[in-house]
Each structure stands twice: as structure tokens, then as C-alpha cells.
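Structural overview for review
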Amino acid sequence: MEFRHLRCFLVLAEELHFGRAAQRLAMTQPPLTMNIQQLEASVGAQLFIRNSRGVALTAAGQAFLPAARALLDQAAEAARQARDVAQGLAGQLQIGFAGAVLYRGLPQMLQAFGQAHPGLRLVLRELSSSEQLIDLVHGRLDVGFVHTTRVPKGFSQILVSSQPFMACLPAHHPAAQAPSLSLDRLQGEPFAIVSRAVSADYHDRILAACADAGHEPEVRLELQHWLSVVSVIGQGLGVGLVPAALAQAGLPGVVFRPLARPLLPYDTHCLSKDGGHHPALLAFLDMVRRTSVALSGG
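Anyway, here's the lowdown on the structure attached to this text. (Residues numbered from 1 in each chain as written. Predicted model: local features only at pLDDT ≥ 70, side-chain atom pairs only at ≥ 80, totals over all residues. Heavy atoms only, no water.)

1. Considerations on the pairing of strand β7 (residues 165–170)
Along any regular strand the residues' side chains alternate between the sheet's two faces. To keep it simple, the criterion reads: In this scheme, a residue with accessible area under 20% of its type's maximum is buried, one over 50% is exposed, and one in between is partly exposed, where area comes from a 1.4 Å probe on protein chains only. Under the DSSP-based scheme used, a helix requires at least four consecutive residues in state H or I and a strand at least two consecutive residues in state E, with every element numbered from the N terminus. For two strands to be treated as a pair, DSSP must find no fewer than two bridges joining them.
Among the six residues that make up β7, six are buried, leaving the element largely enclosed by the rest of the structure. The pairing of β7 with strand β11 (residues 254–258) spans five bridges and is antiparallel. Directly across from M166, in β11, lies its bridge partner P258.

Next up, the structure:
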């Protein structure tokens, strides 16, 4: 049994006339008759009654009709899915992200991409930058949104956004209303900071900036997420330096003030391994590049 046999059967079952069915199938009647005979031999039952009054389905033909239609529909759907995957319109992408990216365009990227490619399933995993690098190396992630400049060889990078650091203070802090803040104003204050294991670059950068200002910060709290840093500051447990986007989180009890002497910016990069990019990943990276033009302005 072949798909051409099923197509001939379905058209003849609809037309119940060999001439009209052959015309729809763009063939002459003898090949149509041969296809039906081959199908009946394969099925082991007569599917049509042919007499002087025309053509009619037998009981076996009527029973075979819905199954034949379903088989052709399934074949067409399988072909469509295969084409969609080949063209990057279907499949699945594993995406890692560090939490601060939620305030720097990632939700908008995902929404826009989902609307353009509804057949693609995006699986999101919140991980630190170092965890993402490990999973990218081992193929457990297709894409990572990371905050690090320490990227191994063999990775492509797209700068997604670049934003300044700001001083994050409890709302009742004496410097909370200052138009800008120099780091020496924070000397002797308890600091909340992301753990070095989570973000070594920015952990070290904050400590170095304080050292340049002439003091070594008293690190009281090392946390796993930037949001946790902001949260404990809002509870009056310390001060910190955080990416500006965290001001959008809306956590209570905190104020954000620009630094009088800006630090190097807090950059977000989209990483993927070089080579072997399948169409779905290429489509996603193209969207990231186009979206990042606006975001990278800080």
C-alpha cells in the first residue's frame, strides 16, 4: 500500500466517478483503475462496486475511508513538522539566564520570538553565569544570557545590554537623598554583594572600586541573586552596588543613586557555541541581535 493508492482511493470515494476522479488526479482512467486494483489487493477486500449505474463504496470501502483519510492527514502533518524544524519554525531551545536579565529585555525578547515562531518551544532555566557556561560547554543549553567577561574560546557573543552600577541604599540612609554618591561615603558600611561563585567578575569589580576609593568594604552578606542583595538592603541590613535595571524590580525600602565616579558597566551577553547552529537557534540569535541594538544603549 502506497500513499498514491490512498490518494486515488479518497478522490474516487468523493467523486464516485472514474472520469472525474482521474481528471482531479491529473491522470487518465487506466492508471487510476490500476491504482485502485493494487490497493484492493493490498487491503484484501473489494472497496468499490462498479456497475452500469456508476461507482459506489462497498461496506469494506466505507470502513476503510476514515482510516485512509487519517493516514494521509498524518503524513501531511509529519511532512509539515519536518519542514518547520528544517526551517527553524519548530523544535525546542534550552535557554539559560541570570535573573537580572528579567529587567533588561528578556521577557520582551521571548514574547516577540514566540509570536513569530509559535511552533518553537523555549525552555527557560535560571542559572548563574558560571553554571550557564558549564551547561553550554556540555550541550545542556543552546543559549545563555550571562554577566561575565570570562568566556571560553569557541563561543559567539552578542552584547544584549550595557548598564551602569548604582548605589543601593536603605530608604532611611543619610545619603538616600543625595543627587549622586561617591564610594567613600559608604566607608564603614556593611555591604551586601553577590557571591564570587555566582559572578566573579562583578564581585571583584565592586571590591576593587571600593579599594580605589580608599577603603575595604565590610562584606556582611554574600548572596546568590542580585534581587536578594536589593531585598536585604531594603530591610536595612546593609548597602550595595547593583546594576541599574534592578531599580525596576519595585522592591520596597530601597533607593538607587548614581555614582559620582561610574564603574565599568554591567554587561549582559548572549552566548552560544560556535558551529553546528541549527535553524531554530539561528532564528533566535537573529532576533537577539535585532532586539539588542536598542538595549545596548544602556
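2. What to know about the sheet that holds β11
Put simply, the test is: Only the stretch in contact is used when a helix axis is fitted, and all axes are lines through C-alpha atoms; the angle between N-to-C directions ranges over 0 to 180 degrees.
An order of β10-β7-β11 is seen for the three strands of this open sheet, with the pairing classed as antiparallel. What marks the edges here is a single partner per strand, and that holds for β10 (240–243) and β11. Geometrically, the sheet is characterised by an average inter-axis angle of 40° between neighbouring strands, direction not taken into account. Across four bridges, the pairing between β7 and β10 is antiparallel.

3. Digging into the packing of aromatic side chains
We count it as follows: A pair of Phe, Tyr and Trp rings is counted when the ring centres sit within 6.5 Å of each other, with Trp represented by its six-membered ring. The angle between the planes then sorts it: under 30 degrees is stacked, over 60 is edge-to-face, the rest tilted.
Counted under the stated rule, the structure contains nine aromatic pairs. Judged by centre distance (4.5 Å) and plane angle (55°), the rings of Y202 and Y266 are tilted. Note that Y202 is positioned in helix α7 (residues 200–212) and Y266 in strand β12 (residues 266–273), a separation of 64 residues in sequence. Judged by relative accessible area, which is 1%, Y202 ranks as buried. For the ring pair W226 and Y266, a centre distance of 5.6 Å and an interplane angle of 90° mean the geometry is edge-to-face. Within this pair, whereas W226 is found in helix α8 (residues 226–234), its partner Y266 is found in strand β12, the two being separated by 40 residues in sequence. Here W226 matches Y266 in class, with each residue buried. Here the aromatic cluster, defined as three or more aromatic residues joined through ring pairs, consists of F165, Y202, W226 and Y266.

4. A closer look at the pattern of salt bridges
The following threshold applies: We define a salt bridge as a side-chain nitrogen of Lys or Arg found within 4 Å of a carboxyl oxygen belonging to Asp or Glu.
Following the criterion strictly, the structure yields ten salt bridges and no others. Of the charged contacts, one joins R24 and E14 as a salt bridge, the two residues approaching to 3.0 Å between their closest N and O atoms. Of this pair, R24 sits in helix α2 (residues 18–24) while E14 sits in helix α1 (residues 3–15), and the two are ten residues apart along the sequence. Taken together, the shared-partner salt bridges connect E14, E15, R20 and R24 into one network.

5. Remarks on the sheet that holds strand β5 (residues 143–146)
Taken in spatial order, the five strands make up an open sheet running β4-β3-β5-β12-β6, and their pairing is mixed. On the outer flanks of this sheet lie β4 (120–126) and β6 (155–163), each paired with one strand and no other. Each neighbouring strand pair of the sheet contributes to a mean axis angle of 20°, computed without reference to strand direction. Sheet analysis places β6 next to β12, joined by eight bridges and oriented antiparallel.

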